[in-house]
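Breakdown of the fold
In case you want the letters, here they are:
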Amino acid sequence: MATPAQWLAGARPRTLPAAVVPVAVGTGAAVAEDGAVWWRALLALFVALALQIGVNYANDYSDGVKGTDKDRVGPLRLVGSGVAAPKQVLAAALGCFLAAAVAGLVLVVATRAWWLLLVGLASILAAWFYTGGSRPYGYRALGEISVFVFFGIVAVAGTTYVQVERLTWLSLAAAVPVGLLACALLMVNNLRDIVTDGPSGKRTLAVVLGDSRTRLSYSATLVLPFVFALALVPVRPFAALTVLALPFVVAPIRAVRSGATGPALIATLQQTGRLQLVFGALFTLGLALF
């Protein structure tokens, strides 16, 4: 029987910035449109966190029963380590997805945008089939694309939409740097696992690109968000605040470009999450101020 601390570790809290940041930025874009509705923003945050934790448990379950977690380096996996039964982890994942669906339904009713049901369903299916099913797309180098779409475009623009009840160009533009930073989090995680993912048949983008090109791509996903944020300065001048997050880029890029591997990249994963949070906070403020 897994302990509460082990369940918390299995939820992979270091990945949660990927859920928090897009909701914050989407709310900043809503403030820019004079349409922020705080209870809807908080409900959107709950949906994002439930989906993120759900996908973490779902990946734990799917990778565990397939045996691809057996020799991995990194945070605790509940099924792979044997501390929790697969059925328990599956139930936790499904419970998170159900909680996200119920909260999302409240937002659908509030906005009367029934097409959001399809977006929510697509989000849950994307979360499950990342490593679940007989042909998981996460094993076919499509993980970063999915993360960019769902933790970038859908999460940011969707958060703005449920508050102002329309799609805005600002939320779509703001979604690009957010999506890139979410990709960086996944990319450095997969860089760490190249040596075990390849032999187990898990062909992530990192496995397909190879070590050196993955390191270069990761560096690009940390730098390009600043370019896109600064491109918004003519219309949202305080987006320039994001340059204050540049010092947080140095350590993870230095580690990755110097060839850090295995356990050394766990610290880089933490640094990437920290960059996400700092950039996201500054970007949110920059969008909201005028």
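Refer to the structure above for everything that follows.
My aim in this report is to walk through the structure given alongside it, one point at a time. Keep in mind it's a predicted model, so treat the numbers as computed, not measured.

**Regarding the overall build of the chain**
Summing up its helical and strand segments, the chain has 13 helices and 0 strands in all. Going from N to C terminus, the chain has its helices and strands arranged as α-α-α-α-α-α-α-α-α-α-α-α-α. Expected size for 290 residues packed as a compact globule is a radius of gyration near 19 Å; at 18 Å, the chain falls within 12% of this value. Across its three principal axes, the chain shows a C-alpha extent of roughly 50 × 45 × 30 Å. The contacts of the chain with a sequence gap of at least 6 include a subset with a gap of at least 24, amounting to 76%. Per element, the accessible surface of the chain, about 12,400 Å² overall, is 72% carbon and sulfur. Taken together, the 21 basic and 11 acidic charged side chains of the chain have centroids lying 2 Å from each other.

**Considerations on unusual backbone geometry**
Non-glycine residue Arg12 carries a positive phi angle of around 55°. Looking at where Arg12 falls in the secondary structure, it is placed in the loop between helix H1 (4-10) and helix H2 (17-32). Its identity as a non-glycine residue notwithstanding, Glu165 has a phi of 60°, on the positive side. Examined against the element boundaries, Glu165 turns out to sit in the loop between helix H7 (143-164) and helix H8 (169-192). The partly exposed category is assigned to Glu165, whose relative accessible area is 39%.

**Notes on the side chain of Lys202**
Among the secondary structure elements, Lys202 is positioned in the loop between helix H9 (194-197) and helix H10 (205-209). Taking the relative accessible area as the measure of exposure, Lys202 reaches 7% and is therefore buried.

**Some thoughts on the side chain of Arg40**
Among the secondary structure elements, Arg40 is positioned in helix H3 (residues 38-66). When its relative accessible area of 11% is taken as the criterion, Arg40 is described as buried.

**Thoughts on the packing of H2 against H8**
In the contact formed by H2 and H8, the axes pass within 10 Å of each other and the chain directions differ by 165°. The angle between the axes of H2 and H8 places the two elements in the roughly antiparallel class. The handedness of the crossing between H2 and H8 is right-handed. From H2, Ala18, Val21, Pro22, Val25, Ala29 and Ala32 reach across to H8, where they touch Leu170, Ser171, Ala174, Val178 and Leu185.

About the cut-offs
Residues numbered from 1 in each chain as written. Predicted model: local features only at pLDDT ≥ 70, side-chain atom pairs only at ≥ 80, totals over all residues. Heavy atoms only, no water. Helix = DSSP H or I, 4+ residues; strand = E, 2+ residues; numbered from the N terminus. Rg over C-alpha atoms; globule rule 2.2 N^0.38 Å. Contact = heavy atoms within 4.5 Å. Areas by Shrake-Rupley, 256 points an atom, 1.4 Å probe, with all protein chains shown as cover. Lys, Arg positive; Asp, Glu negative; His and termini not counted. Charge placed at Lys NZ, Arg CZ, Asp CG, Glu CD. Buried < 20%, exposed > 50% of the residue type's maximum accessible area, 1.4 Å probe, protein only. Axes fitted to C-alpha atoms, helices over the stretch in contact; angles between N-to-C directions. Parallel < 35°, antiparallel > 145°, perpendicular 65-115°, else oblique. Left-handed = near helix turned anticlockwise from the far one by under 90°.

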